Amino acid sequence: GSSICTRSPDYGCYKSGHPACCDSDYTCPSFMTMCDNVASGLTGSNFCGSWAPDYGCWPSTNGRPPCCSKSGGAHVNCPPSNSVEKYQP
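Residues numbered from 1 in each chain as written. Predicted model: local features only at pLDDT ≥ 70, side-chain atom pairs only at ≥ 80, totals over all residues. Heavy atoms only, no water.

A. Spotlight on the overall build of the protein. Counting secondary structure elements, the protein contains one helix and zero strands. Counting contacts in the protein only where the partners sit at least 6 residues apart, residues at least 24 apart contribute 42% of the total. In the structure as shown, the protein presents an accessible area of about 5300 Å², 51% of it carried by carbon and sulfur atoms. (Helix = DSSP H or I, 4+ residues; strand = E, 2+ residues; numbered from the N terminus. Contact = heavy atoms within 4.5 Å. Areas by Shrake-Rupley, 256 points an atom, 1.4 Å probe, with all protein chains shown as cover.)

B. Structural context of the state of the cysteines. What the rule picks out here adds up to three disulfides. The disulfide partner of cysteine 21 is cysteine 28, and the S-S distance across this bridge is 2.1 Å. Here cysteine 21 and cysteine 28 share a disulfide; its torsion about the S-S bond, 115°, makes the bridge right-handed. (Disulfide = S-S within 2.5 Å.)

C. Main features of unusual backbone geometry. With a phi angle near 55°, asparagine 62 is a residue other than glycine that sits in the positive phi range. The topology assignment puts asparagine 62 in the segment before helix H1 (74-77).

D. Inspection of the side chain of threonine 33 at higher detail. Along the polypeptide, threonine 33 turns up in the segment before H1. Threonine 33 gets classed as buried once you look at its relative accessible area, which sits at 0%. Beyond its immediate chain neighbours, meaning those up to four positions away, threonine 33 contacts Ile4, Tyr14, Pro19, His75, Val76, Asn77, Cys78, Pro79 and Pro80. (Buried < 20%, exposed > 50% of the residue type's maximum accessible area, 1.4 Å probe, protein only.)

E. Spotlight on the confidence of the model for the protein. Predicted confidence across the protein gives a mean pLDDT of 77, with 79% of residues reaching 70 or more. Note that pLDDT drops below 50 for residues 85-89; the model gives that stretch ten contacts with residues more than four away or on any other chain. (pLDDT = per-residue confidence, 0-100.)

F. Examining the side chain of histidine 18 more closely. Topologically, histidine 18 is positioned in the segment before H1. On the basis of relative accessible area, histidine 18 is assigned to the buried category, the value being 17%. A distance of 3.4 Å separates a polar atom in the side chain of histidine 18 from the backbone oxygen of cysteine 5. Among the polar contacts made by the side chain of histidine 18, one reaches the main-chain carbonyl oxygen of arginine 7 at a distance of 2.8 Å. (Polar contact = N/O pair within 3.5 Å; in protein donor to acceptor, adjacent residues only side chain to side chain.)

G. Focus on the environment of cysteine 5. Position of cysteine 5 relative to the elements: it lies in the segment before H1. Residue classification places cysteine 5 among the partly exposed positions, given a relative accessible area of 26%. For cysteine 5 and aspartate 23, which are 18 residues apart along the polypeptide, the C-alpha to C-alpha distance reads 8.9 Å. Leave out the neighbours within four places in its chain, and cysteine 5 touches His18, Cys22 and Cys28.

H. Region of the structure containing the environment of glycine 72. Residue placement: glycine 72 occurs in the segment before H1. Linking glycine 72 and serine 24, residues 48 residues apart in sequence, is a C-alpha distance of 8.8 Å. Ignoring anything within four residues of it in the chain, the contact list for glycine 72 reads Tyr26 and Asn77.

Pasting the structure below:
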């Protein structure tokens, strides 16, 4: 399907098989969002929290992509961490 909520479930990435926005009152973006099925204590999976800020890339949002501070948080609004370099608001 064209909606990220109707694609085949990915339990390796998402606890429910689909992005968190599919199970919330938030409108999902057109791209797959950050995985939420990450082992406890694993670092490097959330560029909104576990990665060092990148002030050169996002100076006006404290070194984090703007999606990190949107209502609903990173798991609802941000692309997967392996595609953060491609993310430009």
